[in-house]
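This is what each chain is made of:
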Amino acid sequence: MDFVILSLVMLGLGVYGLLTNRQLLKVFISVELIATAATLNFVMLASSTGQGLGQAILILAFSTDTAVSAIILALLVIVSKKYGTSNISEILKMQDKVESEAEA
Amino acid sequence: MILEIISVGLIVSACLALFIDEMVYSVAALAGTFFFTAILYILNGSPFAAIFQFVVGVGTLAILFLSGEMLGDKPIKKASPQKTFALIGIGVVLSLPAIFLSVTGSTGTMSDASFGDALWNLRGMDVILQALVVLTVALGIAIILYEKRKGGQ
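Predicted, not measured: the structure shown is a model, and the values here were computed from it.

**Side note on the overall build of chain B**
Then step 1. On a plain count of helices and strands, chain B comes out with six helices and zero strands.
Then step 2. If you list the helices and strands of chain B from N to C, you get α-α-α-α-α-α.

Structure representation (structure tokens):
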């Protein structure tokens, strides 16, 4: 059992989801998976060497993760209120439409 | 053996969280990912990390359930059982390298600090500063709510 490979697989899944999903909430879930992969790698390496330092520094990783989540959710709420959807493709289409109307 | 089962569960739930169309089921699968991660931490002798994972995970999931219900677009068609089973199969296949392969490497020498020592001696200052930031945010929210209430009356 190798936790480095496990966290690499999680990271790969998160990056794939980040690149392919069009829903903003799914993008958020992908970011959460990437953060979970990073913390998993961190904790497993720290626990395999028997140190408490890794767990202590992990608090910083969790607080950063929470801050990132809060910012993404705030952006999500703003975008959903402004455009009425959380689909990236539809938002881009609406932006293009608004720009072409402004040019005309 | 139990570590292998939990890691398979972790990857399968991550796959389901990413690729199920319905947002509520997707968030439920993400809850499974957080749960399996916390169990892995406990089994590897990191109970504090598991507690933090639970706390952060519960907060994130509560917000995601709410925002998933309120903001998420409804899927056009319902998820078929075949797709769910295919996702489970992909998850199992993706977790096989972690079970059967291994990365070898040397670990450097690190300080032999316990969790308490590391938290208070090495990271005491930034833990206190983080608490100060959280306190400032809480005070700011309280002032905004108070002003809003005052303006409404």
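Further notes follow.
**Quick notes on the overall build of chain A**
Then step 1. Within chain A, the regular secondary structure consists of four helices and zero strands.
Then step 2. When its helices and strands are written in sequence order, chain A yields α-α-α-α.
Then step 3. Against the compact-globule benchmark of 13 Å for 104 residues, chain A has a radius of gyration of 18 Å, which places it well outside the compact range.
Then step 4. Structurally, chain A occupies a C-alpha span of about 65 × 25 × 20 Å along its principal axes.
Then step 5. With 104 residues in all, chain A has 35% of them scored as buried.
Then step 6. In chain A, once contacts between residues fewer than 6 apart in sequence are set aside, the share between residues at least 24 apart is 42%.

**Some words on the interface of chain A and chain B**
Then step 1. In this assembly, 44 residues from chain A lie in contact with 49 residues from chain B.
Then step 2. For the side of chain A that touches chain B, the element with the most residues is helix α3 (residues 53-83) of chain A, which contributes 16 residues.
Then step 3. For the side of chain A that touches chain B, a count of residues per class yields 23 nonpolar, 17 polar and four charged.

**Looking at helix α1 (residues 2-19) of chain B**
Then step 1. Under the 1.5 Å per step criterion, the end-to-end length of α1 of chain B is 26 Å for 18 residues, consistent within 8% with the ideal 26 Å.
Then step 2. Taken together, the buried positions of α1 of chain B are S7, V8, L10, I11, V12, S13, A14, C15, L16, A17, L18 and F19 of chain B.

**Details of the confidence of the model for chain B**
Note that predicted coordinates carrying low pLDDT should not be read in detail.
All names here are of chain B.
Then step 1. With 80% of its residues at a pLDDT of 70 or more, chain B shows a mean pLDDT of 79.
Then step 2. For chain B, helix α5 (residues 115-122) is the element with the lowest average pLDDT, namely 68, and helix α2 (residues 23-43) is the one with the highest, namely 89.
Then step 3. Model confidence for the complex is summarised by a pTM of 0.76, with the ipTM given as 0.85.

**Overview of the environment of I141 of chain B**
Then step 1. With respect to the secondary-structure elements, I141 of chain B resides in helix α6 (residues 124-152).
Then step 2. Along the backbone, I141 of chain B and F35 of chain B are 106 residues apart, and their C-alpha atoms lie at a distance of 31 Å.

**Observations regarding the packing of α2 of chain B against helix α3 (residues 47-71) of chain B**
Residues and elements named next belong to chain B.
Then step 1. Two elements in contact, α2 and α3, have axes separated by 9 Å at closest approach and are oriented at 175°. When the interaxial angle is binned, α2 and α3 end up roughly antiparallel. Along its contact with α2, which presents M23, V24, V27, L30, A31, F34, T37, A38, Y41 and I42, the element α3 presents P47, A49, A50, Q53, F54, G57, L61, L64, F65, G68 and E69.
Then step 2. Residue classes in the contact of α2 with α3 are distributed as 16 nonpolar, four polar and one charged.

**What about the nonpolar core?**
Then step 1. Among the nonpolar cores identified, the biggest contains 48 residues, and M10 of chain A together with A14, C15 and L16 of chain B are the most heavily contacted of them.
Then step 2. Contributions of two or more residues to this core are made by α1 (3-20), α2 (24-48) and α3 of chain A together with α1, α2, α3 and α4 (81-100) of chain B.
Then step 3. The leading source of residues in this core is α2 of chain A, at 12 residues.
Then step 4. If we ignore the near neighbours within four places in the chain, the residues touching A14 of chain B are M10, L13 and L33 of chain A together with T33 of chain B.

**What about the environment of I99 of chain B?**
Residues and elements named next belong to chain B.
Then step 1. Along the chain, I99 turns up in helix α4.
Then step 2. What makes I99 partly exposed here is the crowd of 16 C-beta atoms within 10 Å.
Then step 3. Once the C-alpha coordinates of I99 and E4 are considered, the two residues, 95 residues apart in sequence, prove to be 6.3 Å apart.

The rules behind each value
- Residues numbered from 1 in each chain as written.
- Chains lettered and ligands numbered in written order.
- Predicted model: local features only at pLDDT ≥ 70, side-chain atom pairs only at ≥ 80, totals over all residues.
- Helix = DSSP H or I, 4+ residues; strand = E, 2+ residues; numbered from the N terminus.
- Rg over C-alpha atoms; globule rule 2.2 N^0.38 Å.
- Buried ≥ 20, exposed ≤ 12 C-beta atoms within 10 Å, placed from the backbone.
- Contact = placed C-beta atoms within 7 Å.
- Nonpolar A, V, L, I, M, F, W, Y, C, P; charged D, E, K, R; others polar.
- Expected span 1.5 Å × (residues − 1).
- pLDDT = per-residue confidence, 0-100.
- Axes fitted to C-alpha atoms, helices over the stretch in contact; angles between N-to-C directions.
- Parallel < 35°, antiparallel > 145°, perpendicular 65-115°, else oblique.
- Core = buried A, V, L, I, M, F, W, Y, C linked by C-beta atoms within 7 Å.

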